[in-house]
Amino acid sequence: MLLFPDVGSDDPSYTFVEFLRKDQEMLAKAVSVRAEISDLNSVRESATIEIQESWERSIRRDVLVNGNLYLLGGKGHVLGLNLASMRLFLFRLPDGVQQLHRMGNIELLRAGDSGLYLIHLKGFQIHVWFRASDSDIGGGNWELVDNICLGESFGQFAEPNWESGDALVALHRVEDNAEVFLRVDRVIFHIHIMNRTVNKVFEMSPEAYRYFDIFPFMMLWPPPFPQLRHNHDQDQ
């Protein structure tokens, strides 16, 4: 994975980090690249760490806070890497929280420079957990800081079959400004956690909903277009 400098930074370099696993052991390698020049002789490598559980890493779930890189992938743990010391460490998810196999039910989110949030979807409930981060070991214990009932937040968008539990609900993207993109069956919703607003974004066809991803970006709407200039000579 590539780690870029913060927006507005004068540092033109970036860091390439690779995680390697063999059997029950994992290690990390990192190399800095500056002005398209990399020194492969300066690759830094961590010591191995033992991981007992299966690990299915998703690149969307990597979060960098205060020099610590956090990854989801294990059923019950978060993997951390301190980039300065190249030290790997593990800590448990909150009690009662597990990452479901091939299901979008948890996402990590940066909480400024103070730590990280864990967004946990359980049915039509979103639980928001916070964990403080320091420069080395990844911080203290998880604290539940918010709980959202989606049935109340959706209002007019709610469907009758949601109460029966038959609907497929999954997280597909969590942005740094506490915005969540949630899929309910074939419909994508945008939810702002802080003010509880919900907007229907898109409804997919039955053929397309299995093969998609979400890449949100901000833009002016309606987009500005340059004024057309008519060439009178060409018109004649």
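So, a few notes on the structure that sits alongside this text. Source: prediction; values computed, not measured.

### Description of the pattern of salt bridges
Turning to step 1, where the next piece is worked out: Using the criterion set out here, one finds 3 salt bridges in the structure.
Turning to step 2, where the next piece is worked out: We note a salt bridge from glutamate 45 to lysine 29, for which the minimum N-O separation is 4.0 Å. Within this pair, whereas glutamate 45 is found in strand β5 (residues 44–45), its partner lysine 29 is found in strand β3 (residues 25–34), the two being separated by 16 residues in sequence.
Turning to step 3, where the next piece is worked out: A relative accessible area of 28% means that lysine 29 is categorised as partly exposed.
Turning to step 4, where the next piece is worked out: Here aspartate 146 ties to arginine 196 by a salt bridge, and the two come within 2.9 Å at their closest N and O atoms. Of this pair, aspartate 146 sits in strand β14 (residues 143–149) while arginine 196 sits in the loop between β17 (187–192) and β18 (197–203), and the two are 50 residues apart along the sequence.
Turning to step 5, where the next piece is worked out: Residue arginine 196 is classed as partly exposed on the basis of its relative accessible area, which comes to 31%.

### Re unusual backbone geometry
Turning to step 1, where the next piece is worked out: Within the chain, aspartate 23 stands out as a residue other than glycine whose phi angle is a positive 60 degrees.
Turning to step 2, where the next piece is worked out: Judged by relative accessible area, which is 63%, aspartate 23 ranks as exposed.
Turning to step 3, where the next piece is worked out: Phi at methionine 86 takes a positive value of approximately 55 degrees, unusual for a residue other than glycine.
Turning to step 4, where the next piece is worked out: Within the secondary structure, methionine 86 is located in the loop between β9 (77–82) and β10 (87–92).

### A closer look at the sheet that holds strand β16 (residues 179–184)
Turning to step 1, where the next piece is worked out: Strand order across the open sheet formed by 4 strands is β15-β16-β17-β18, with antiparallel pairing between neighbours. The open sheet has two edge strands, β15 (169–175) and β18, and neither has a second partner. Neighbour to neighbour, the strand axes of the sheet diverge by 25 degrees on average, direction disregarded.
Turning to step 2, where the next piece is worked out: Note that β17 and β18 share 6 bridges and pair antiparallel. Following the sheet pairing, isoleucine 188 is matched in β18 by phenylalanine 202.

### A few points about a nonpolar patch on the surface
Turning to step 1, where the next piece is worked out: On the surface, Phe217, Met219 and Trp221 cluster together into a nonpolar patch covering about 470 Å² of accessible area.
Turning to step 2, where the next piece is worked out: The exposure class assigned to phenylalanine 217 is exposed, which follows from its relative accessible area of 65%.

### What to know about the side chain of histidine 127
Turning to step 1, where the next piece is worked out: Looking at the secondary structure, you find histidine 127 in strand β13 (residues 125–132).
Turning to step 2, where the next piece is worked out: A polar contact of 2.7 Å, which involves the side chain of histidine 127, links it to the side chain of asparagine 147.

### Digging into the sheet that holds strand β11 (residues 106–111)
Turning to step 1, where the next piece is worked out: If you trace the 4 strands from one edge of the open sheet to the other, you get β11-β12-β13-β14, paired in antiparallel fashion. In this open sheet, the two edge strands, each paired with only one partner strand, are β11 and β14. Put simply, the sheet's adjacent strands are angled 20 degrees from each other on average, direction ignored.
Turning to step 2, where the next piece is worked out: By the bridge criterion, 8 bridges tie strand β12 (residues 115–122) to β13 in an arrangement that is antiparallel. Considered in β13, the bridge of lysine 122 is made with glutamine 125.

Rules behind the numbers
- Residue indices begin from 1 for each chain and proceed along its sequence in written order.
- Whole-chain, interface and lining totals are the exception, using all residues; otherwise, since this is a predicted model, local features are given only for residues with pLDDT of at least 70 and side-chain atom pairs are given and counted only at 80 or more.
- Computation of side-chain values covers all heavy atoms of the structure but excludes hydrogens and water.
- The term salt bridge refers to a pairing of a side-chain nitrogen on Lys or Arg with a carboxyl oxygen on Asp or Glu at a separation within 4 Å.
- Numbering of helices and strands runs from the N terminus; a helix is a DSSP stretch of H or I covering at least four residues, while a strand is a stretch of E covering at least two.
- Each residue is placed in one exposure class: buried if its accessible area under a 1.4 Å probe, protein chains only, is under 20% of its type's maximum, exposed if it is over 50%, and partly exposed if it falls in between.
- When DSSP finds two or more bridges between a pair of strands, those strands are recorded as paired.
- Axes, fitted as lines to C-alpha atoms, cover a helix only where it is in contact. Angles between the N-to-C directions of the axes lie from 0 to 180 degrees.
- Candidates for patches are residues over 30% relative accessible area with no salt bridge; among them, like charges are joined within 9 Å and nonpolar side chains (Val, Leu, Ile, Met, Phe, Trp, Tyr) within 5 Å.
- Surface exposure here means Shrake-Rupley accessible area, sampled with a 1.4 Å probe, where a residue is shielded only by the protein chains that are shown.
- Between N or O atoms, a polar contact is any pair within 3.5 Å; within protein, one atom must be a potential hydrogen donor and the other a potential acceptor, and residues adjacent in sequence are included only when both atoms are from side chains.

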